[in-house]
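Listed below are the residues making up each chain.
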Amino acid sequence: MEQGKPGPRALSCNGYGPEEKQPSAAASRPPEKPRCAQGASAPSLESWKEERTRSEEDNEMNLPSLAAAYTTILRSLGEDPERQGLLRTPWRAATAMQFFTKGYQETISDVLNDAIFDEDHDEMVIVKDIDMFSLCEHHLVPFIGKVHIGYLPNKQVLGLSKLARIVEIYSRRLQVQERLTKQIAVAITEALRPTGVGVVIEATHMCMVMRGVQKMNSKTVTSTMLGVFREDPKTREEFLTLIRS
């Protein structure tokens with residue numbers, strides 16, 4: 001090495017010289033959300049009152065761009081959007097997709113505020129075989145099945161049809177079955193404060209039937225158990241027995 005010229009710097013194992021400061025972990029992380037003050041309700045505790053993310057006005061405003069996107073899809077598939085059978089298809093597909101995802105226009109509080117009743121009933125309430133249609137968020141193809149809901153009231157009961165409405169609100173969104181199951185159970189728990197809630201979903205996924213492994217008879221079963229349904233095996237077993245009967 002020639003005199004007067006600095007030699008190569010020794011690098012540490014992380015690639016930085018000894019005199020250089022490494023970027024702090026805090027600098028590379030996105031800013032943290034402020035934490036709730038101690039004793040305050042966590043945001044998730046009011047998630048059933050969440051704001052709607054889409055309105056009827058949004059549907060009308062976004063329909064042309066959604067239809068244009070379907071026109072692009074048809075062209076990309078090698079089709080002619082101008083031929084007679086496809087002339088109105090982009091608009092039909094756009095309005096259908098808005099209907100399939102209409103759960104974004106609704107909130108749980110819209111349907112529950114006038115349907116929670118004081119009642120001294122402490123035995124299990126079950127509504128089973130609720131039809132469910134949803135869209136897999138990974139492939140935008142349907143999954144279809146049945147939802148079974150049970151809860152143990154705590155001095156309050158819910159109008160029976162509202163359980164089906166809760167299923168409708170969450171299933172009419174882009175979903176995965178695991179999250180859908182939990183969202184239904186948590187919404188009932190937060191709105192009604194029962195002693196326990198159990199939700200089971202059995203569904204057939206078109207992404208497994210029409211593509212991929214193409215298994216026609218496969219079903220996916222998911223469950224969420226909260227409160228005594230999770231803590232007490234006898235309560236859980238009673239629920240599972242009743243929904244199978």
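One structure accompanies this document, and this report is about it. Nothing here was measured: the structure is a model prediction, and the numbers come from that model. (Residues numbered from 1 in each chain as written. Predicted model: local features only at pLDDT ≥ 70, side-chain atom pairs only at ≥ 80, totals over all residues. Heavy atoms only, no water.)

A look at the packing of helix α5 (residues 160-171) against helix α6 (residues 177-192)
As a packed pair, α5 and α6 sit with axes 10 Å apart at the nearest point and diverge in direction by 135 degrees. With respect to each other, α5 and α6 are oriented oblique. Both α5 and α6 take part in a crossing whose hand is right-handed. In this structure, α5 contributes Leu-163, Ile-166, Val-167, Tyr-170 and Ser-171 to the contact, and α6 contributes Leu-180, Gln-183, Ile-184, Ala-187 and Ile-188. By residue class, the composition of the contact of α5 with α6 is 8 nonpolar, 2 polar and no charged. (Axes fitted to C-alpha atoms, helices over the stretch in contact; angles between N-to-C directions. Helix = DSSP H or I, 4+ residues; strand = E, 2+ residues; numbered from the N terminus. Parallel < 35°, antiparallel > 145°, perpendicular 65-115°, else oblique. Left-handed = near helix turned anticlockwise from the far one by under 90°. Contact = heavy atoms within 4.5 Å. Nonpolar A, V, L, I, M, F, W, Y, C, P; charged D, E, K, R; others polar.)

Brief notes about the packing of aromatic side chains
Counted under the stated rule, the structure contains 1 aromatic pair. Ring centres of Phe-229 and Phe-239 lie 5.4 Å apart, and the angle between their planes is 80 degrees; this geometry places the pair in the edge-to-face category. With Phe-229 in helix α8 (residues 228-231) and Phe-239 in helix α9 (residues 233-244), the pair connects residues that are 10 residues apart, well separated along the chain. Each member of the pair Phe-229 and Phe-239 is classed as buried. (Phe/Tyr/Trp six-rings, centres within 6.5 Å; stacked < 30°, edge-to-face > 60°. Buried < 20%, exposed > 50% of the residue type's maximum accessible area, 1.4 Å probe, protein only.)

Here we look at unusual backbone geometry
Within the chain, Lys-155 stands out as a residue other than glycine whose phi angle is a positive 75 degrees. Locating Lys-155 in the fold gives a position in the loop between β3 (142-152) and β4 (156-158). Judged by relative accessible area, which is 52%, Lys-155 ranks as exposed. Not every positive phi belongs to a glycine, and Arg-193 is a case in point at roughly 55 degrees.

Structural notes on the side chain of Thr-235
For Thr-235, the position within the fold is in helix α9. If near-sequence neighbours (up to four positions away) are discounted, Thr-235 is found in contact with Met-124, Leu-152, Val-228 and Phe-229.

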